[in-house]
Amino acid sequence: MEELVVIGNGMVGHRLVEALRDRDGAGHWHITVVGEEPRTAYDRVALSSYFDGATADDLSLGDLSGPAVDVHVDERATAIDRATRTVTTSTGRTLTYDRLVLATGSSPFVPPVPGRDLPGCHVYRTIEDLDAITAAARTARTGVVIGGGLLGLEAANALRLLGLEAHVVELAPHLMPAQIDEGAGALLAGLVSDLGVRIHTGTASTAVEAGPDGRVARLRLADGSHLDTDLVLFSVGIRPRDELARDAGLTVGERGGIVIDDTCTTDDAHVHAIGEAACHRGTVYGLIAPGNAMAEVLADRLVGGRAAFTGADTSTKLKLMGVDVASFGDAHGRTENCLDVVVNDAATGRYAKLVLSDDATTLLGGVLVGDATAYATLRPMVGSPLPGDPLALITPQGGEPLGADALPDSAQICSCNAVTKGAITQAICDGSHDVPALKACTRAGTSCGSCVPMLKNLLDKAGIVQSKALCEHFAHSRTELLEIVRATGITTFSALIAGHGTGAGCDICKPAVASVLASLGNGHILEGEQATLQDTNDRHLANMQRNGTYSVVPRIPGGEITPDKLIVIGEVARDFGLYTKITGGQRIDLFGARLEQLPAIWTRLVDAGFESGHAYGKSLRTVKSCVGTTWCRYGVQDSVGLAIRLEERYRGLRSPHKLKSAVSGCARECAEARSKDFGIIATDQGWNLYVGGNGGFTPRHADLLASDLDEATLIRYIDRFLMFYIRTADRLQRTAPWIEAMEGGLDHLREVVVDDSLGIGAELEDAMERHVASYTDEWAAVLADPDKLARFQSFANAPDTPDPTVAFTTTRDQPVPTEPVRLGMPALRTRESAR
Amino acid sequence: MTTFATEAAATRIDACSSARLSPDDGVAVLLPDGRQAALFRTRGGELYAVDNIDPYTGAAVLARGIVGDRAGEPTVASPLLKNVFSLRTGRSLEDPDIRLTTWRVDDDGTTVRIDTRVEDAP
Ligand code: SRM
Ligand SMILES: Cc1cc2nc3c(=O)[nH]c(=O)nc-3n(C[C@H](O)[C@H](O)[C@H](O)COP(=O)(O)OP(=O)(O)OC[C@H]3O[C@@H](n4cnc5c(N)ncnc54)[C@H](O)[C@@H]3O)c2cc1C
Ligand code: SF4
Ligand code: FES
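Note that the structure is a prediction, hence the values are computed from the model and not measured. (Residues numbered from 1 in each chain as written. Chains lettered and ligands numbered in written order. Predicted model: local features only at pLDDT ≥ 70, side-chain atom pairs only at ≥ 80, totals over all residues. Heavy atoms only, no water.)

A. Fine view of the overall build of chain A. Across its full length, chain A carries 25 helices and 38 strands. The proportion of buried residues among the 835 residues of chain A is 52%. For chain A, the share of sequence-separated contacts (at least 6 apart) that also reach a separation of at least 24 residues comes to 61%. About 35200 Å² of surface is accessible on chain A, with carbon and sulfur atoms providing 50% of the total. (Helix = DSSP H or I, 4+ residues; strand = E, 2+ residues; numbered from the N terminus. Buried < 20%, exposed > 50% of the residue type's maximum accessible area, 1.4 Å probe, protein only. Contact = heavy atoms within 4.5 Å. Areas by Shrake-Rupley, 256 points an atom, 1.4 Å probe, with all protein chains shown as cover.)

B. Focus on the overall build of chain B. Scanning chain B from N- to C-terminus turns up zero helices and nine strands. Ordered by position in the sequence, the α and β elements of chain B form the string β-β-β-β-β-β-β-β-β. Here chain B holds 122 residues, and 59% of them are scored as buried. When contacts within chain B are restricted to residue pairs at least 6 apart in sequence, long-range pairs at least 24 apart make up 39% of them. Roughly 4800 Å² of accessible area belongs to chain B as shown, and the carbon and sulfur atoms make up 48% of that amount.

C. Spatial organisation of the site of ligand 2. Residues and elements named next belong to chain A. Around ligand 2 sit 29 residues in total, of which Glu 36, Glu 37, Arg 125, Glu 276 and Ile 288 are the nearest. Between ligand 2 and Glu 37 there is a distance of 2.5 Å, counted from an oxygen atom to a side-chain nitrogen or oxygen. Ile 288 places a main-chain nitrogen or oxygen 2.8 Å from an oxygen atom of ligand 2. Within the complex, 94% of the 990 Å² of free accessible area of ligand 2 lies under protein. (Near = heavy atom within 4 Å. Polar contact = N/O pair within 3.5 Å; in protein donor to acceptor, adjacent residues only side chain to side chain.)

D. Molecular detail of the nonpolar core. Residue and element names in this part refer to chain A. In terms of nonpolar packing, the biggest core is built from 58 residues, with Phe 678, Ile 680, Leu 689 and Leu 749 touching the most fellow members. Those residues in contact with Ile 680 that sit more than four places away from it in its chain are Leu 642, Leu 646, Ser 661, Ala 662, Val 663, Ser 664, Ala 673, Trp 687, Asn 688, Leu 689, Leu 714 and Ile 718. Listed in part, the 47 residues of the second largest apolar core include Val 5, Ile 31, Val 34 and Ala 295. (Core = buried A, V, L, I, M, F, W, Y, C linked by side-chain atoms within 4.5 Å.)

E. Summary view of the interface of chain B and chain A. Taken together, the contact between chain B and chain A spans 49 residues of the former and 53 residues of the latter. Around 4000 Å² of area is buried between chain B and chain A when both sides are counted, 51% of it from carbon and sulfur atoms. If you sort the residues of chain B by the area they bury against chain A, Arg64(B), Ile66(B) and Lys82(B) come out on top, with a joint share of 19%. Our enumeration of links across chain B and chain A arrives at six salt bridges. The partner of Arg791(A) in a salt bridge is Asp25(B), with the nearest N and O atoms 2.4 Å apart. It is strand β2 (residues 25-30) of chain B that contributes the most residues to the side of chain B that touches chain A, six residues altogether. When its residues are assigned to classes, the side of chain B that touches chain A shows 27 nonpolar, nine polar and 13 charged. (Buried area = accessible area lost by both parts, 1.4 Å probe. Salt bridge = Lys/Arg side-chain N within 4 Å of Asp/Glu carboxyl O. Nonpolar A, V, L, I, M, F, W, Y, C, P; charged D, E, K, R; others polar.)

F. Local environment of the site of ligand 3. Lining the immediate surroundings of ligand 3 are Cys626(A), Val627(A), Gly628(A), Cys632(A), Tyr634(A), Gly635(A), Gly665(A), Cys666(A), Arg668(A), Glu669(A) and Cys670(A). Of the residues that constitute the shell around ligand 3, the class distribution is six nonpolar, three polar and two charged.

G. Region of the structure containing the sheet that holds strand β24 (residues 350-356) of chain A. Residues and elements named next belong to chain A. Strand order in the open sheet made by the five strands is β21-β22-β25-β24-β23, with antiparallel pairing throughout. At either margin of the open sheet sits one strand with a lone partner, and together these are β21 (316-320) and β23 (339-345). Going across the sheet, the axis of each strand differs from the next one's by a mean of 10 degrees, ignoring polarity. Packed on one face of the sheet, helix α5 (residues 182-194) meets β22 (323-329), β23, β24 and β25 (363-369) and runs near 20 degrees to β25. (Pairing = 2+ DSSP bridges. Axes fitted to C-alpha atoms, helices over the stretch in contact; angles between N-to-C directions.)

H. Main features of the confidence of the model for chain A. Residues and elements named next belong to chain A. For chain A, mean pLDDT is 90; residues scoring 70 or higher make up 96% of the total. A low-confidence stretch, residues 397-401 stays under pLDDT 50, and its non-local contacts, those more than four residues away or across chains, total one contact. In this model, residues 823-835 is a region of pLDDT below 50 whose contacts with residues beyond four sequence positions or in other chains number 27 contacts. (pLDDT = per-residue confidence, 0-100.)

I. Looking closely at the sheet that holds strand β1 (residues 2-7) of chain A. Residue and element names in this part refer to chain A. Across the sheet, five strands lie side by side as β3-β2-β1-β7-β19; this open sheet has parallel pairing. The sheet terminates laterally at β3 (69-72) and β19 (271-273), the two strands that pair on one side only. Across the sheet, the axes of successive neighbouring strands diverge by a mean angle of 15 degrees, strand direction being ignored. Two strands pair when backbone bridges link them, and β1 and strand β2 (residues 29-34) are joined in this way by six bridges, in the parallel orientation. Bridging from a neighbouring strand, Glu 3 pairs with His 30 of β2.

J. Spatial organisation of the packing of aromatic side chains. Residues and elements named next belong to chain A. Going through the model one piece at a time under the given rule, you end up with 12 aromatic pairs over all chains. Here Phe 51 and Tyr 124 contribute two aromatic rings whose centre-to-centre distance is 6.4 Å and whose plane-to-plane angle is 25 degrees, an arrangement assigned as stacked. With Phe 51 in the loop between β2 and α2 (56-59) and Tyr 124 in the loop between β9 (121-122) and α3 (127-137), the pair connects residues that are 73 residues apart, well separated along the chain. Neither residue differs from the other here; Phe 51 and Tyr 124 are each classed as buried. Ring geometry for Trp 602 and Trp 779: centres 5.4 Å apart, planes at 10 degrees, overall stacked. You can see Trp 602 sitting in helix α18 (residues 598-607) and its partner Trp 779 sitting in helix α24 (residues 778-783), a full 177 residues away along the chain. Of the two residues, Trp 602 and Trp 779, both sit in the buried class. What links up through ring pairs into an aromatic cluster is the set Phe 721, Phe 724, Tyr 725 and Trp 738. In this structure, Lys 565 packs its charged tip against the face of Phe 610, placed 4.8 Å from the ring centre. (Phe/Tyr/Trp six-rings, centres within 6.5 Å; stacked < 30°, edge-to-face > 60°. Lys NZ or Arg CZ within 6 Å of the ring centre and 35° of its normal.)

K. Representation of the pairing of strand β16 (residues 231-234) of chain A within the structure. Residue and element names in this part refer to chain A. Side chains Leu 231 and Leu 233 project from β16 onto one buried face, and the interleaved Val 232 and Phe 234 project onto a second face that is buried too. Pairing of β9 with β16, which is carried by two bridges, proceeds in the parallel orientation. Its bridge partner being in β16, His 122 is matched across the sheet by Leu 233.

L. Molecular detail of unusual backbone geometry. Residue and element names in this part refer to chain A. Its identity as a non-glycine residue notwithstanding, Glu 669 has a phi of 65 degrees, on the positive side. You can call Glu 669 buried: its relative accessible area is 17%. Phi at Asp 708 takes a positive value of approximately 50 degrees, unusual for a residue other than glycine. Looking at the element boundaries, Asp 708 is found in strand β36 (residues 703-709).

M. Fine view of empty space enclosed by the protein. This model, assessed by the stated rule, comprises three cavities of 30 Å³ or more. There is about 40 Å³ of room inside the largest cavity. Together, Asp507(A), Gln534(A), Asp535(A), Thr536(A), Arg64(B), Gly65(B), Ile66(B), Ala77(B), Ser78(B), Pro79(B) and Lys82(B) line the largest cavity. Residue classes in the lining of the largest cavity are distributed as three nonpolar, four polar and four charged. (1 Å grid on protein atoms, 1.4 Å probe; cavity = no way out; pocket = protein on both sides within 12 Å on 5 of 7 lines; lining within 4 Å. Points joined across faces, edges and corners; volume = space filled by probe spheres on them.)

N. Inspection of the environment of Ser107(A) at higher detail. Residues and elements named next belong to chain A. Topologically, Ser 107 is positioned in strand β8 (residues 106-108). Among the residues examined, Ser 107 registers a relative accessible area of 27% and is labelled partly exposed. A sequence separation of 169 residues divides Ser 107 from Glu 276, and the C-alpha atoms of the two residues are 9.4 Å apart. In contact with Ser 107, other than residues within four places in its own chain, are Gly 237, Ile 238, Arg 239 and Arg 241.

Set out below in structure tokens:
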């Protein structure tokens, strides 16, 4: 075994180890990684999502430690001795290598502006940097980003998300000078300003000045003006971390970077460099794709392969604050005698430029701002003859978007992972028949994701139909079934499956259809045949426990409850011997009720004025509240009052998945509204509405949909939002993935809800009004109907005999289930629950 | 309380009235020996009785599951962890070694009856 030492556990160092581990089947290498950061490698490209709810764990690329790999974090390499082939580290260890890899990345460049070290000055590169910015933002109102490139704009957006007034100061005459041209830059500045970020271009920053507390207070600009600010963020570029290499006498580039050849080897055959620390043919790449390509080449070389790195594409496509920006190939038109084709439409906020060869036959590059859908088709076409009229490629009315058909097999579909069209079509032939399978097999689509539409397109072209079928009984998706039910006026599952499905149905399509019928207002969910469609919990209007008993959750709107009602809940629990617990939803759950006890329990609760809390339904659960102006010294609006009104408006509303909400009385957010499907936070002007948040399996913070609304407008927007969700979401798709999957995402949703771009606002509001008007308490209705009550019997031939398999023991002074008594049959194994 | 059928030599018991069991629905029935049957009527009108205890969890809940079919085979899905069983044979669709006891059922238009003699594996 030979020793490979890798300095740096960033994205590229991680990729190298992963690639080498995959290829080194013979076990030739033992790998030692030292990384200076306190954690193993994480996705730096997605760093900004840290401000949008992603945690350090979400960003982590995973720990590669294993039998042949040792990863040491929080340990810096301090010197290299090439003569003895050793590396010394900050913990005093000496590592011996046969081969050494420098994957040390780069550090943010902080220009020598006076005051750049004051408290309140930051950079944007690591999770620790982001933690420091977050901490500083707590007491700040304004933040200035110096540098209007890709990273600077991302940082400005982060400041905006932290609630600061954000400014960007850029020396060049327009934004993102490295990627896009002036026309695109101007349009981008307009779009970004509309989102509230102030742009100052063509001006240098001359000094950062402190206030009386010694912290940043002002930024002076070269034009003599200044900006008052509490926070300054430098984002003017990066410097390769080549200091170890310099000290060890290795050659570095003119503008930094460890010089490497096409095999990623430095001028010492035992030392390699990859990623942002390396300088290849005079270029230091500040993007992940070239770094990954170097890692793959080096891994191949280390196992005796002949791969070579000959340069890389610096195309980029990103969404900055919801604005699409893409540049590819020779975006600046630097090729001699090249031609430009430009469409600049300020009215729709779109800019597109194609750079063509002098005879206008070959695509050389381009820039797209505002709408970058054409990027996926255009980028792989660079260097190929154009399939048609260039203008048609970038004008929205240009007819059918160009398919993957037009591309040669050698065209790179995924530039992040260097996957060609040929490789993808081969994988499809070999049986990868959906996007996840293609990702697993080819790696295409696993980094920035911009090539995923092309993968879908190639699957379509291969004649593979991406199934939307709910189950074997319906070839339709939930949304399609909802539309069928709306259009035909069908009101029963029998009629629907007879006319539009096959067979008898199952536990997937029946609850889905039950939910559709309920959403469209078809009466009580236990009426007639509907009762047999309901999923476990809906079937008896209570949540089934592991021993077959049920829990009872009365509604406590907004979490506000009188002492008298609290006492009733206590008495019911005591009289029926129920286990009692305060839930995470600000109400009280009573566990351990036997099926035949439910009517008696609910008779008591309904008499005391309680209603069903729908803890069992894919429907509105709770609207949590904080005390707001009712009691709190900080409250600016009546959050409890609004929470109660919202809970009473939307109670009983059946939806594709459960719905949760919360209202906070001020920005301190004690009700955790941003973790809800729709959350409301009070401002001194009114209410801010956030949508698409949830806890659960994949936690996500909600995004701001509209600000400073009065209550009537707020309710109108929520009505539209919820009804639009009910009409168009998939079965068991919560609001966050629904918005993510929506074409145009949050922006499109805002257009539909706020601007009524589809003209369906009034119809959605009417549908909600019908729901509100027809609401009745489900439990009260059961108690009034002998047919429905008959469903709550333990045995058809012994209606009041308790199930003999149910028994309880006492834990912490309350009843809890014993393991069910088994009569003959052993419990075998459980299958993952399919909710 | 309930009276079980007491005719001499009869092994059939009255489970419920015919009207009580609608298509696609199920009810639990307590058998004289303390076992429990889950009794179903399918959409096509066939009657089935299988053990009410879900072998995957030990809970007596199968009568509360959703009735349907898989590739034409009549089924019930357990309400707890959604394991699916054939109503005809009692077999688990995931694991053919797991089989619920089945009983013969008839309906004379007034009363549904279960024959409490255990059926042989079909
Ligand atoms: C009782 C309670 C736990 C507690 O003791 O606090 C609870 C209990 C259950 N939760 Fe929950 N969840 C409870 C609050 C939450 C919360 C916190 C909240 O609402 O603020 C969350 C995370 C927030 C969220 O949903 O965004 C939560 C995320 C889940 C999830 C994951 C949802 C997801 O989108 O990933 C499930 C599974 C599902 O719904 O598919 C779930 C499902 C369940 C079920 C219904 C599972 C089931 O079908 O048996 C549990 C029923 C237990 C029972 O027998 O009553 N529960 N559950 C809470 C009832 C709140 C209420 O008053 O209604
Ligand atoms: C906010 C942000 C957004 C970005 N967005 C994009 C994007 O959209 N698209 C894109 O292509 N690229 C993007 N990038 C750039 C991309 O993240 C980098 O190209 C990539 O991380 C480079 O990987 P690397 O391994 O070379 O360097 P790094 O990921 O920086 O890793 C180098 C590691 O080496 C460690 N190290 C350095 N010296 C030593 C030492 N002496 N001893 C031990 N450890 C050491 C460092 O601490 C670091 O952990 C973005 C970068 C940032 C900061
Ligand atoms: S969110 Fe604001 S108003 Fe509500 S309790 Fe917290 S501090 Fe008080
Ligand atoms: S192009 Fe970035 S993942 Fe494919």
